[in-house]
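Fold and geometry: a report
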Amino acid sequence: MTTAAHPLVVRARQLAADLLGPQAERVDQEGVPASHVKALKGSGLLGVNAPTEYGGAAAPAAVARETAEILAGACCSTWFVLTQHYTPVKLLASTELPVRERLLGPLAWGELLSGIAYAHVRAFPRVPVRATPERGGWRFDGTVPWYTGWTLNDVMLLAGVSEAGEVVFAFTEAREQPGLRPTAPMRLAALTAAHTVSLDVNGLWLSRDSVVLRTPREKFALVDRPRNTNASPAVFGVAYAALDLLDANPEAQETARSLRGRLDEARREAYVLWDHPVPHERIEERLAWKLRAHDLMRTATTAALVAGGGRSMALGSRAQRLAREAMFLLVQGQTAEVRHAHLGHLSELP
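What comes next is a walk through the structure. (Residues numbered from 1 in each chain as written. Predicted model: local features only at pLDDT ≥ 70, side-chain atom pairs only at ≥ 80, totals over all residues. Heavy atoms only, no water.)

With respect to helix H8 (residues 233-247)
Each full turn of the α-helix corresponds to 3.6 residues, which orients residues three or four apart in the same direction. Over its 15 residues, H8 runs 21 Å from end to end, which matches the ideal 21 Å to within 8%, given 1.5 Å per residue. Counting buried positions along H8 yields 12 of 15 residues, so the element is predominantly enclosed. Looking at the buried residues of H8, the elements they touch are helix H3 (61-74), helix H4 (76-83), helix H9 (253-274), helix H10 (283-308) and helix H11 (318-331). At the N-terminal end of H8, a side-chain oxygen is found 3.1 Å from the backbone nitrogen of Ala234, two or three residues along, and the residue is Ser232. (Helix = DSSP H or I, 4+ residues; strand = E, 2+ residues; numbered from the N terminus. Expected span 1.5 Å × (residues − 1). Buried < 20%, exposed > 50% of the residue type's maximum accessible area, 1.4 Å probe, protein only. Contact = heavy atoms within 4.5 Å. Polar contact = N/O pair within 3.5 Å; in protein donor to acceptor, adjacent residues only side chain to side chain.)

See the structure below:
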């Protein structure tokens, strides 16, 4: 790891060691508790990418990635709730619209936690949520298939596509209200703990002052593409956590050493591409290292299952939890482009 001296990395390690890691198996079965969110809000980690003048840390990208690795490796469900928060903060920091002054400070210093409801925009030409100008604001109609952090988040960033092909991002409170109704929490094979629901959006009206961004869909797709073709820090976090389990087993230490060297290489190369000055360039290389990271995560978590033997079948097994979290990360944020590349890659494996 390369940023161990940064205060936020130190705090992430303490939070992982003292709270998230020891309770991860219980949280996996019972759900991320409000007390975890309270600890995150008090840690400074909500403001890792926020401007200092609004109470954030304005930390380098390497710090944000490493804290994500640490938290995901300790408790992927808690990390997944937290990671929703960073896109709203980034959007607010890049705008001069009135909503910036209302929300950026509280989100940066940890008063509020935000969720996101915009992955469905990637389904275009299907439009799961339509945004329509109405009464000086915007009306939203449709279905948000996945929303994480329900009952834990304070606000949410919702996106819809207009008839003119414009993507409209606006904030609203993360609660049931006229025009916004959640389903029951989803039961999933992994990360059920992250409080994921679908949202029925039917005539939800949001004022002009709630809007943080309006952008052509094509421009959104260009900016969004690297988010899905880059290797996720969470993949490395879960893989390293599995290798730590192997290190604790004398029979598996040689396997851990072999995999760790390859994982270190994949991490190093993937992060070089993260830091490339033109985010939408070198897409094939980004995808290649993403898929390499997925292979190594899958191998590391499988090795942890094998080393644990029959004990790995118990729901309280750390190895099993990591393997299910790895399964989730294989498809998290998946686009048609990534799915096509991943299937082609798997078809070529020996």
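Concerning the packing of H8 against H10
Closest axis-to-axis distance for the H8/H10 pair is 8 Å, and the angle between their directions is 30°. Taken together, the axes of H8 and H10 are roughly parallel relative to one another. For H8 against H10, the interelement crossing comes out left-handed. For the pair formed by H8 and H10, the contact residues are Val235, Phe236, Val238, Ala239, Ala242, Leu243, Leu245 and Leu246 on the first element and Ala293, His294, Met297, Ala300, Thr301, Ala303, Ala304 and Ala307 on the second. When its residues are assigned to classes, the contact of H8 with H10 shows 14 nonpolar, 2 polar and no charged. (Axes fitted to C-alpha atoms, helices over the stretch in contact; angles between N-to-C directions. Parallel < 35°, antiparallel > 145°, perpendicular 65-115°, else oblique. Left-handed = near helix turned anticlockwise from the far one by under 90°. Nonpolar A, V, L, I, M, F, W, Y, C, P; charged D, E, K, R; others polar.)

Observations regarding the packing of aromatic side chains
What describes a pair of aromatic rings is the distance from one ring centre to the other and the angle between the planes of the rings. A full pass over the atoms with the stated rule returns 7 aromatic pairs. Arranged with centres 5.8 Å apart and planes meeting at 45°, the rings of Phe169 and Phe220 form a pair that is tilted. Residue Phe169 is located in strand S5 (residues 166-173), and its partner Phe220 is located in helix H7 (residues 217-229); the two are separated by 51 residues in the primary sequence. Relative accessible area serves as the criterion here: at 8%, Phe220 is assigned to the buried category. An aromatic cluster is built from Trp79, Phe80 and Phe328, whose rings are joined through pairwise contacts. (Phe/Tyr/Trp six-rings, centres within 6.5 Å; stacked < 30°, edge-to-face > 60°.)

Observations concerning the layout of surface pockets
In this model, the second largest pocket occupies a volume close to 410 Å³. Lining the second largest pocket are 18 residues; nearest its centre among them are Ile70, Gly73, Ala74, Ala241 and Asp244. Secondary structure elements with two or more residues in the lining of the second largest pocket: helix H1 (7-30), H3, H8 and H11. Each residue belonging to the lining of the second largest pocket can be placed in one class, and the counts come to 9 nonpolar, 3 polar and 6 charged. (1 Å grid on protein atoms, 1.4 Å probe; cavity = no way out; pocket = protein on both sides within 12 Å on 5 of 7 lines; lining within 4 Å. Points joined across faces, edges and corners; volume = space filled by probe spheres on them.)

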